[in-house]
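As a plain string of letters, each chain reads:
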Amino acid sequence: PVLFQDRTCTHPPIIHIIRSNYKIMEDSKNIIIQAKNARIIAILADRFDGSIDKAMEVFYNSVTAQMIQDGVADLHCRSDLYLADEIYREYTEASE
């Protein structure tokens, strides 16, 4: 059976399978990171008397959040509480 009907493509079918699997892995990684971000924001909101807006502002303006997104030092592997502590520390130090 023919896996791909596109005759204009010169790549062997395995290349399309690899690309498809890579896209699925990237999508999965993004979903996991987004869920982690939501949990961190929830922890921060508790520290800001339940204000999700303030928590989101602090989170998305933090260096740590950008480093998580960029995959620096496997920060996404750290606990949500640890990362929330780091982001809160960043915020309080910048506020002084």
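These figures come from a predicted structure and were not determined experimentally.

### Remarks on the confidence of the model for the chain
1) Next: On average, residues of the chain score 86 in pLDDT, and 83% of them reach the 70 mark or higher.
2) Next: The lowest-confidence element of the chain is helix α1 (residues 13–47), averaging 85 in pLDDT; the highest-confidence one is helix α2 (residues 52–60), averaging 97.

### Here's the deal with the environment of Ile-41
1) Next: Its place among the elements puts Ile-41 in helix α1.
2) Next: Put simply, Ile-41 and Phe-59 are 18 residues apart on the chain and 6.6 Å apart in space, counted from C-alpha to C-alpha.
3) Next: Leave out the neighbours within four places in its chain, and Ile-41 touches Ala-55, Met-56, Phe-59 and Tyr-60.

### Examining the environment of Leu-75
1) Next: Residue placement: Leu-75 occurs in the loop between α3 (63–70) and α4 (80–95).
2) Next: Between the C-alpha atom of Leu-75 and that of Ala-65, which follows or precedes it by 10 residues, the distance is 9.3 Å.

### What to know about the packing of aromatic side chains
1) Next: Counted under the stated rule, the structure contains four aromatic pairs.
2) Next: An angle of 40° between the planes, with centres 6.4 Å apart, marks the rings of Tyr-88 and Tyr-91 as tilted. Of the two residues, Tyr-88 and Tyr-91 both sit in helix α4, three residues apart, roughly one turn of that helix.
3) Next: Accessibility expressed as a relative area gives 28% for Tyr-88, which makes it partly exposed.
4) Next: Taken together, Phe-48, Tyr-88 and Tyr-91 form an aromatic cluster joined through their ring pairs.

### Section: the side chain of Asn-37
1) Next: Inspection of the secondary structure puts Asn-37 in helix α1.
2) Next: Ignoring anything within four residues of it in the chain, the contact list for Asn-37 reads Phe-59, Ile-68 and Gln-69.

### Some words on α2
1) Next: Turning to α2, its buried residues number three or more, namely Ala-55, Val-58 and Phe-59. Buried residues of α2, seen end-on, are gathered within an arc of 100° and therefore sit on one face of the element. Residues of α2 that are exposed and point more than 90 degrees away from the buried face comprise Asp-53 and Tyr-60.

### Digging into the pattern of salt bridges
1) Next: For the structure shown, the criterion picks out five salt bridges.
2) Next: With its nearest N and O atoms 2.5 Å apart, the salt bridge here joins Arg-39 to Asp-80. With Arg-39 in helix α1 and Asp-80 in helix α4, the pair connects residues that are 41 residues apart, well separated along the chain.
3) Next: Ionic pairing is found between Glu-86 and Arg-89, a salt bridge with its closest N-O pair at 2.7 Å. Pair noted here: Glu-86 and Arg-89 are both in helix α4, with a separation of three residues, about one helical turn.
4) Next: Residue class for Arg-89 comes out partly exposed when judged on its relative accessible area of 35%.
5) Next: Residues joined by salt bridges that share partners form a network here, namely Lys-36, Arg-39 and Asp-80.

Here is what the cut-offs are and how they apply
- Residues numbered from 1 in each chain as written.
- Predicted model: local features only at pLDDT ≥ 70, side-chain atom pairs only at ≥ 80, totals over all residues.
- Heavy atoms only, no water.
- pLDDT = per-residue confidence, 0-100.
- Helix = DSSP H or I, 4+ residues; strand = E, 2+ residues; numbered from the N terminus.
- Contact = heavy atoms within 4.5 Å.
- Phe/Tyr/Trp six-rings, centres within 6.5 Å; stacked < 30°, edge-to-face > 60°.
- Buried < 20%, exposed > 50% of the residue type's maximum accessible area, 1.4 Å probe, protein only.
- Arc of directions from axis to C-beta.
- Salt bridge = Lys/Arg side-chain N within 4 Å of Asp/Glu carboxyl O.

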